[in-house]
Amino acid sequence: MVHTVHDVAAENQLKPVLKTFKTINLTFISNFTDKTEFQVSLLRGVKRSITFCKGSFNSSYQLFMFDDSYIKCTGIPTESNITFQLSGLNENHTDIYFLKKEGMYPPPYTCHQDDSTVIHVKEEFFKANCSDPQSVWPLLVTIIVTGSYSVGITAALLCYILKKANKNRILQSEYINVVPRRPKSHQPYAQTPMYSQHR
């Protein structure tokens, strides 16, 4: 996503809100031939108190990089503009931004600022589009892996339950020949009375 922003001398009107997801390219049109050394800064906030990206270059117009723990900024200067490539943005970076251009050499020192650009960073979730295969693949892989894991766990649990039930059924159907225990006072055979003996 590329947006072009003119400086105060070129244009003095309200800028539209630029909407983006994680990355955006901001191009500020300005003359970079009146000096041989420049320093540019992308300031953030109404009070311009936060330096979001900063770098310097000379008449060779070599790009510069500015990194912190959250965002990455690459500055690409030319004779007629400066482009900031911003990546790693999130919703908290929605704010108003200003370009500060400083002519460092030769003297005299000069400083110009543009009249602001509003950037609205949206959540990545709303960018997903079913027509874009690359946005569907991560979700599809997650669903397949989760589904396979669930099916595997369910099958293993079912096998365990069936084996345990089968083992219990076999043990319960076994015939166990156990002679009943009799008390010691029990006489297995009654003695024949004396008078019933044959003579």
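Because the structure is a prediction, the values reported are computed rather than measured. (Residues numbered from 1 in each chain as written. Predicted model: local features only at pLDDT ≥ 70, side-chain atom pairs only at ≥ 80, totals over all residues. Heavy atoms only, no water.)

**Observations concerning the UniProt feature "transmembrane region" (unreviewed entry) in the protein**
- Taking the UniProt record as the reference, the feature "transmembrane region" (unreviewed entry) is found at residues 136-162.
- Secondary structure across residues 136-162 comprises 100% helix and 0% strand; the distance between its end C-alpha atoms is 39 Å. (UniProt positions renumbered as here; feature names shortened; annotations may be inferred. Helix = DSSP H or I, 4+ residues; strand = E, 2+ residues; numbered from the N terminus.)

**Some thoughts on the pattern of salt bridges**
- Under the defined criterion, the tally for this structure stands at one salt bridge.
- Arg-44 is the partner of Asp-95 in a salt bridge, and the nearest nitrogen-oxygen pair spans 3.0 Å. Placement of the pair is Asp-95 in strand β9 (residues 95-105) and Arg-44 in strand β4 (residues 37-44), with a sequence separation of 51 residues.
- For Arg-44, a relative accessible area of 14% puts it in the buried group. (Salt bridge = Lys/Arg side-chain N within 4 Å of Asp/Glu carboxyl O. Buried < 20%, exposed > 50% of the residue type's maximum accessible area, 1.4 Å probe, protein only.)

**Looking at the confidence of the model for the protein**
- Taken residue by residue, the protein gives an average pLDDT of 77. The fraction at 70 or more is 69%.
- Per-residue pLDDT, averaged within each element of the protein, yields its smallest value for strand β1 (residues 2-6) (44) and its largest for β4 (92).
- Scored below 50 in pLDDT, residues 1-14 shows 33 contacts in the model against residues more than four places distant or in partner chains. (pLDDT = per-residue confidence, 0-100. Contact = heavy atoms within 4.5 Å.)

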